Amino acid sequence: MGIPSRTPRRISRPALLTTTAAAVTAGALLLVPLPTAVAAPDPGAAARQHPHPVRERGGPDAGTSTAAALPPAKPAGAGTGTGAGTSAAPALRKDGGYPRRTVLSAPPENPADKSIKLGLAPYHSLAPRLNALQKLGDRVGVEVAGRSAGGHELYLVTVTAPESARQAREQDRMRELIGNSPATAAKDRAVKSSYKTPVFINNNIHGNEWEGTDAALALIEELAKAKDAKTAGLLAKNRIYLNVTANPDGRIAGTRANANGFDLNRDFITASQPEVRAMRQIAVDKQPAVMLDLHGYVNGTLIEPTTPPHGENYEYDLFLKNTYANALGMEKAVNDLGYTPAKDGVQPPVIPFRDQQEGWDDWPPIFTPQYMAFQGAVASHTVEFPMRVNNSSYDSLPAEELRRRSAINTDIAGAVMRATLDYTLSHRTSVLADQIEVFRRGAAGEAQRPVSEKTVPGVPGIGPEDVYTTDFPRAYVIPAGAGQRSATAAARLVDHLVANDVRVERAAAGFRLDGRAYPAGSYVVDMRQPKRGLANVILGEGRDISADVSTMYDISGWSLGLLWGASVDKVQRVAGRLPVAGRRVVAAAPTGSVAGGRGALRLALDDAKELTALNSLLAQGVSVRRAADGSAVVPASARPQATVLASRYGVAFGAASEPGTAALHRTRVAAAVTPGEQFALREMGFEVTPVSTAILNAGFDWSAAEVLYVSSGLSYGALNATARTALNGFLAGGGRVVAVGSAGSAFNTAAGLLEARPVAGNGDANGVVRVVNAGGPVTGGAPAHAFVYSPRWFTALGSGVRVDQSYATGDPLVSGHWRALANGTGGRADAAGRASVVSGTSAVGAPVVLFGTEPLFRDHPKGQFAQVGRALLGAAG
């Protein structure tokens, strides 16, 4: 994840804790020798090597027609790829019981896989090893949970005692009871005696933090082979789910990010990436009570729970109780390995809650363990291995030293896995009771229990700085009809809620709540539901935590209710049941429409999907014109195409009231941007060519672009003379510029474009802010909230510069963390009322739009996307 600053917390950390957490009995492991890589890498192989039809909900198993029976095992000594051969393959279940097996097809060997240098398992070796592990007995099954952005299969392994179809159905019944009727589950004798605790171990979500994968393979083999009573008891009482590598793209390439350039451990709650959607579905389908997310590299081994601030929507008393106790067991297991600073360079483990004051928080739901807590995990941890082997260390250290370090990390990963399984087995009754209690409180609408040494006995050092709770509203309403600013955005938000297993109902008739009237078709989220914490995380506005801590690990505000473009009302005062007649939805109702008649059509361009539809029309050669308010006028002759796009994207084509002015054209964008921004631009259908200082200095054909988007990686001052001349020619010829954030405003100033002085706010500030839109071509139809990260505003505006959006007066921050700098400047008071988005034409004739907000940040604030789309289409011209 990275290393925050460390400051001592409240109690001293002993060199070695004496808390007992015996590891699962393990015999010698027969690990697989790494295959010899002989074939040259094939760039197109990933797209061709996927015979298993997978969905983000999960993959095929033994009960589907796509899974064939495993081939007979080779005779002993012939070699199965996992060490000793087996005499016969177990029968393949076809009745819905466990194990459920998939015959995986191995991709071509890739000698460029970055894992190989570390002595770790390359991605191409995983499928053969998992096939062989499934043949070791009757405990291991593999499913394909989805595919990565780069097309690689995601392998989910289940290890448990075998189950008949009837037993598997009973496990499903109990899991559903816990998640949907927790008060009943708490009294169900079968749940108490027979339910298998789900444990989820997530590995390698950062591609160049490798070793969890290899420890997982060793653990699977160990559990498959073990004959002792303890292992038998463990598997009789637990289902262990292992996501072998959450990020195969990054594992192969040696990058933190996936093939789309995304840090997957920042994408939970947005879920823009297929790998994250697959993990989300695992959480929904398996409902883990305990989970680990394995990372690197922090020396000593970092084991959560975290420093304040703690997520205010958790049932944190139950979460802290289990997470801290399990952390102590993992700490002991790591120390018991015997690594020392003097001998191995390994420092003692660190538990941030105990050992640090701030800087490693669990406030945002964007990280895997924090998200899993909202899906029922009552012990949920990031664990950071100690020995760095990535980035500069990978390139500079000898292979022998890298392999020594990786072996230590793998050893530590195995230790924390086994300690977690031991904790889950030893505390099965209380872990399940606590998971049920999380869901029960939500369903009953009960208040949270603030943490204290009384409510969480056994956890020392709890102070007022650890108390974070919220008052849940009674409901949220996503209104239909005139009360909804964008039906397209509302449908997107509803579908996202449903995908996260939040209950949403659609009203069959009009109703009144909290003094407001709503029409039939409105969506209602009753907050008396088991996963109310997640519902509030998604829909709530959040909280200003600027005064609580001096620094945050990552973002502090994220509200989808305010940033995704939909209207969302909070309902506070309702006694008893909600007076709404409706039904639970599995998907939002269709929103696409085309106005009747034979005339021209209007596409508002207030939503990203409307930009996608527009770009599709332009790609088909349809002559579209821009109206004065920034919307698009589509000719009547394109009604057939509009009908198709209305259905495909859920957008509304209304009747046009004016002919439009300037013609719109397919826009080719030269983009110096972050991966998240590039992804969002392509989602909207723009043709994007990445550029940077280096690319321009190497020579760039500006005839391939109509607009330059700058937010990262391009410095005007660092361009050589030839590149600068070429760029200036593009600008003088009317080439458009959209510039965002610090890099964008610096480029504008250095190139002498728009007369506007950028003022930098606190570089650590981020969150959701109130804004005032001036309307017009850029911000017409834009929502009243924006997202900022290192916010900027603009002063000393030239006579031709238009203010398209301003920060609200008073205090613009709704939620997040935004303090003034030490000298008193850079705070939100300085930003209040100042211009956040400006536009105009430069002295050389280049139309320019400057954003002081972050409208495409990590593909997240989807309600702001249309502002960028409008700007790229020439709204400043």
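Our structure is the block above this text.
Cut-offs and rules
Residues numbered from 1 in each chain as written. Predicted model: local features only at pLDDT ≥ 70, side-chain atom pairs only at ≥ 80, totals over all residues. Heavy atoms only, no water. Helix = DSSP H or I, 4+ residues; strand = E, 2+ residues; numbered from the N terminus. Buried < 20%, exposed > 50% of the residue type's maximum accessible area, 1.4 Å probe, protein only. Contact = heavy atoms within 4.5 Å. Pairing = 2+ DSSP bridges. Axes fitted to C-alpha atoms, helices over the stretch in contact; angles between N-to-C directions. Phe/Tyr/Trp six-rings, centres within 6.5 Å; stacked < 30°, edge-to-face > 60°.

A. Region of the structure containing the overall build of the protein chain. Counting secondary structure elements, the protein chain contains 28 helices and 33 strands. By residue count, 60% of the 877 residues in the protein chain fall in the buried class. Considering only contacts in the protein chain between residues 6 or more positions apart, those separated by 24 or more positions represent 79%.

B. Focus on the pairing of strand β27 (residues 766–773). The pairing of β27 with strand β28 (residues 785–789) spans 5 bridges and is classified as antiparallel. Across the sheet, residue G767 finds its bridge partner in β28, namely V788. Alignment of β27 against strand β31 (residues 813–817), held across 4 bridges, turns out to be antiparallel. Bridging across to β31, V768 finds its partner in S815.

C. The arrangement of the sheet that holds strand β2 (residues 153–159) in detail. Pairing is mixed across the open sheet formed by 7 strands, whose spatial order is β1-β2-β4-β3-β5-β9-β6. The strands lining the two open edges of the sheet, one partner per strand, are β1 (140–147) and β6 (302–303). Where β1 lies against β2, 7 bridges are found, and the strand directions are antiparallel. Bridged to V140 within β2 is V159. Strands in contact with helix α2 (residues 126–134) are β1 and β2; relative to β1, the strand with the most contacts, it is inclined by about 150°.

D. Highlighting the packing of aromatic side chains. For the structure shown, the criterion picks out 21 aromatic pairs. With a centroid separation of 5.2 Å and an interplanar angle of 75°, the aromatic rings of F262 and F679 are classed as edge-to-face. Taken together, the residues F262 in the loop between α8 (248–253) and α9 (274–286) and F679 in helix α22 (residues 675–683) connect sequence positions 417 residues apart. An identical accessibility class is assigned to F262 and F679; each is buried. Residues W360 and Y553 carry aromatic rings whose centres are separated by 5.0 Å and whose planes lie at 40° to one another, so their mutual orientation is tilted. Placement of the pair is W360 in the loop between α12 (352–355) and β8 (361–362) and Y553 in the loop between α18 (532–539) and α19 (560–563), with a sequence separation of 193 residues. Residue classification places W360 among the buried positions, given a relative accessible area of 0%.

E. Region of the structure containing the environment of A627. Looking at where A627 falls in the secondary structure, it is placed in the loop between β19 (625–626) and β20 (632–634). Along the chain, A627 and A663 lie 36 residues apart, while their C-alpha atoms are 9.4 Å from each other. Those residues in contact with A627 that sit more than four places away from it in its chain are V633, E658 and G660.

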